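The lines below spell out each chain.
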Amino acid sequence: MSPLPSNSRVVIVGGGIVGCSVAYHLTKLGWTDVLLLEKGRLTSGTTWHAAGLIGQLRGTRSMTRMSRYGIELYSTLEAETGAATGWKECGAVTVARTPERMTLLKRNVATARSFGVEAHLISPAEAGKLWPLMRTDDLVGAVWLPGDGKANPTDLTQSLAKGARTGGAKLVEGVKVTGFDLRNGRVHGVRTDQGDVTCEVVVNCAGQWARQLGKLAGVTVPLFSAEHFYIVTRKIEGVTPNLPVLRDPDGYIYYKEEVGGLVMGGFEPEAKPWAQAEVPDKFEFQLLPEDWDQFEILMQNALHRTPCLEKAEVRQLLNGLESFTPDGHFILGEAPGVAGFFVAAGFNSGGIANAGGAGRLTAEWIVAGEPTADLWEADIRRFAPFYANVRHLKERTVETLGLHYAMRWPKQEMQSARPLRRSPLYDRLKAKGAQFGAKLGWERPLYFGPEGKLSYSAPGWLDTMCAEQRATRRDVVVFDQTSFAKYRLDGPDALKVLQRLCANQIDVPGGRMVYTAMLNRRGGFESDLTVTRLDETSFFIVTGTAQASRDADWIRRRIGDDRAVLTDVTSSWSVLSVMGPKADALLRAVGSADLSIAPGMTGMIDVGYAVALAARSAYVGGPGYELYVATEFAAAAYDALVESGAAQGLRDAGYHALDALRIEAGRRGFGAELTPDDTPLEAGLMYAVKPDKGVDFIGRDAVLRQRDVGCLKRLGLFKVDDPAAFPWGGEGLLKDGKPVGEVTSAGYSDLLGTSIVMSYVRADRPISRDDVLQGSYELDIAGDRVEVTPLAKPPFQG
């Protein structure tokens, strides 16, 4: 054991593959004063018993880029460090037993091709040639990804550790972290059982202990351990070192070759969370007892797929702990509320595959001071403190592990640990037939009517949603948008802060609502939101439900020494959005005879016996108002609207209709068209950016630079020519036969009688708006080429 230094610029806690990768990449970026602390031995937590399957494809372009980088790293690391990694590019075969699964695989191939990942649709016979020991008579088809592979997790970690040491990092085993020195919202040091270490940055890479370690710093790291099983056989005739990885998701199983035998494991539909809420400190290089009853469904499916297992000698049924997160995505980034405290954990049994890229992205975030790519899918700020609830995590883990290989559908919702956060209208809307989805714990009505079947073609709720769309465009509807995140920024310097953070002009008269971007230094969207000026020193900020933690953290970190305080008032206000051409008539009928609020302005109005702050704004396009009503008055206000709304044809409407309507109106959405990798010029939102407002706001230089040199992608809006085709997002967009982008948002437009999509169009030279409108476009929908027409303006212009 090496002596512990008293100071280090960065302290990484956890010596698994992720911690070693972060240390390695920090040294590559020139940060050599790095200390990694491991309470046991390197790899002794989860890494040592991981299966070591390594794939390239993930759900977004930036995350796929991350995974592909990992493969590039693993393929060259042994040559760099001289330490073996066990990396082998053997490829991977995924098979489908059902037409529905084959549709999903075809969609994955389309996405892969759009991202530049080599992928091939193959027949059952071709799959059998690649994997001769497999039964294929019941298969519909398969996918072949030749660039996927496998590695030895322990060897790979030791190779990264050696590279980190060579770069100047210090790795110390046998040291337990017992606490942190936290002052003024920042980490200043680490306390251990062998002394304290002062530091600027801490990185929590503690794997299944990450939640427990985070609690010591007041940081919520929502993950929970579950038992994960695989068998290891002795040698089997016909198993060769180059045998591809095999996945049979309809059977919940995977295979890889190991020393002439097979490793076979999987993700059973109903998982087994670990009985204990916390993992013991000394759980090092340990396994749990065999559980053949829990493993039975995997074993039976494996015997069906690979009959050779009937006579194979099973050397071991391995039962190890793996940690899983509430949404199945991993956790990266600087924790809200504690500056300098980073997390890289919760890899949902994918840590080996993603450690290379995640380590680099974490290191880049530390060095740059903000993410260098769109990491929203994995960003720790997508969670909120209530995710620390152990019962919530345990019940959700049963579902998230089970969904790994389950058939997935568009608009599918998690079912466990619900309902949780509820609007005052929840019971009323449920009684009226609302079907709910959840976002950040909030129950939100998706549509009203019988539960509709999920499908990759026309969903069972389509007719209901279209009726809600028609009511919005012809009459009037009410959306319950109480889940909006809401904040007040108050203080003498509140305007100064917002002018620095926001790209639009915030120095406006009282009562005006301003739509604005908050940009990063690269000019990309950190958020889009509305700011209403209440008076000289007070502002009301409204942002998307999912962005609540992210936006609050972004603002608070940048207040600095200015005299301003951000207060979360989300639970204080309900939001009733009254939308449609008869919205004015309805609001006059409920008590607001003098409804003289100009577009973009706010004002107090009567709604039955209640009062509301009414903002004349409609995300769906056309006339409408967002009514901000104190929570305790929300039910009374809603009842008044319903009572008076019959004459105007008032209808309740849900988020499925809202999302389709906003696409029809050309409105962008954060996390879809607006991400940290997308700029206002690319997104067509320069009208909401004021470079000449007299303030050097964050991202201004990047915006001006891009305005001068042009951009290599532009957002387009497209009508799907075939009404029977249903895109759902992620489909590849082709221009003149060449991939140029992916669908960011898709919805069915009742107005057009077909689907409508948004997608960025990429080019290898600066591209103009007119360029987007030229050429022949198609979508790759599960392997079928479907023509789409670029639109010069949104179809709804209300």
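Below, the structure is looked at part by part.

1. Structural notes on the overall build of the protein chain
Each helix and strand in the protein chain was counted, giving 19 helices and 38 strands. The C-alpha atoms of the protein chain give 27 Å as radius of gyration, which agrees with the globular expectation for 798 residues (28 Å, within 12%). The 798 residues of the protein chain split such that 62% are buried. Summarising the internal contacts of the protein chain: among those between residues at least 6 apart in sequence, 73% fall at separations of at least 24. Entry remark: accessible area of the protein chain is about 29600 Å², with carbon and sulfur atoms responsible for 49%. One way to put it: in the protein chain the 90 positive side-chain charges average out to a point 2 Å from where the 96 negative ones average out.

2. Describing the sheet that holds strand 6 (residues 141-145)
Pairing within the open sheet is mixed, and its eight strands lie in the order 5-6-4-14-15-16-13-17. Each end of this open sheet is capped by a strand with a single partner; those strands are strand 5 (120-122) and strand 17 (314-324). Across the sheet, the axes of successive neighbouring strands diverge by a mean angle of 20 degrees, strand direction being ignored. Bridge count for strand 14 (residues 245-248) against strand 15 (residues 253-258) is three bridges, and the pairing is antiparallel. Its bridge partner lying in strand 15, Arg247 is registered against Tyr254.

3. Overview of the pattern of salt bridges
Scanning the model with the defined rule gives 51 salt bridges in all. Across the pair Lys272 and Glu227 runs a salt bridge, and its minimum N-O distance is 3.5 Å. With Lys272 in the loop between strand 16 (261-266) and helix 7 (292-305) and Glu227 in strand 13 (residues 224-233), this residue pair connects regions lying 45 residues apart in the sequence. In this structure Glu227 comes out as buried when scored by relative accessible area, which is 7%. Its salt-bridge partner being Lys411, residue Asp659 comes within 4.0 Å of it at the nearest N-O pair. Taken together, the positions of Asp659 in helix 16 (residues 655-664) and Lys411 in the loop between helix 9 (390-402) and helix 10 (426-431) put the pair 248 residues apart, joining distant regions of the chain. With relative accessibility at 33%, the residue Lys411 sits in the partly exposed group. Ionic contacts of the salt-bridge type, sharing partners, join the residues Arg97, Asp138, Asp248 and Arg305 into one network.

4. Quick notes on the pairing of strand 36 (residues 754-762)
In terms of burial, strand 36 is largely enclosed, as eight of its nine residues are buried. Judged from the seven bridges that link them, strand 33 (residues 713-720) and strand 36 form a sheet pairing that is antiparallel. Bridged to Lys713 within strand 36 is Arg762. What sits between strand 35 (residues 738-749) and strand 36 in their antiparallel hairpin is a turn of four residues, with Gly753 showing a positive phi close to 75 degrees.

5. As for the packing of helix 2 (residues 61-81) against helix 5 (residues 153-166)
In contact at an axis separation of 10 Å, helix 2 and helix 5 are set at 55 degrees when each is read in the N-to-C sense. Between helix 2 and helix 5, the angle is such that the two are oblique. Along this stretch, helix 2 crosses helix 5, giving a crossing that reads as left-handed. Mapping the contact onto sequence places Leu73, Tyr74, Leu77, Glu78 and Thr81 in helix 2 and Leu156, Ser159, Leu160, Lys162 and Gly163 in helix 5. Considered class by class, the residues forming the contact of helix 2 with helix 5 number five nonpolar, three polar and two charged.

6. Quick word on the packing of aromatic side chains
The full count for this structure, using the stated rule, is 22 aromatic pairs. With a centroid separation of 4.4 Å and an interplanar angle of 25 degrees, the aromatic rings of Phe386 and Tyr387 are classed as stacked. Residue Phe386 is classed as partly exposed on the basis of its relative accessible area, which comes to 25%. Since its relative accessible area comes to 9%, Tyr387 is described here as buried. Arranged with centres 6.4 Å apart and planes meeting at 20 degrees, the rings of Phe726 and Trp728 form a pair that is stacked. Every member of this aromatic cluster is reached through a ring pair, and the members are Tyr447, Trp461, Phe726, Trp728 and Tyr748.

Rules and cut-offs
Residues numbered from 1 in each chain as written. Predicted model: local features only at pLDDT ≥ 70, side-chain atom pairs only at ≥ 80, totals over all residues. Heavy atoms only, no water. Helix = DSSP H or I, 4+ residues; strand = E, 2+ residues; numbered from the N terminus. Rg over C-alpha atoms; globule rule 2.2 N^0.38 Å. Buried < 20%, exposed > 50% of the residue type's maximum accessible area, 1.4 Å probe, protein only. Contact = heavy atoms within 4.5 Å. Areas by Shrake-Rupley, 256 points an atom, 1.4 Å probe, with all protein chains shown as cover. Lys, Arg positive; Asp, Glu negative; His and termini not counted. Charge placed at Lys NZ, Arg CZ, Asp CG, Glu CD. Pairing = 2+ DSSP bridges. Axes fitted to C-alpha atoms, helices over the stretch in contact; angles between N-to-C directions. Salt bridge = Lys/Arg side-chain N within 4 Å of Asp/Glu carboxyl O. Parallel < 35°, antiparallel > 145°, perpendicular 65-115°, else oblique. Left-handed = near helix turned anticlockwise from the far one by under 90°. Nonpolar A, V, L, I, M, F, W, Y, C, P; charged D, E, K, R; others polar. Phe/Tyr/Trp six-rings, centres within 6.5 Å; stacked < 30°, edge-to-face > 60°.

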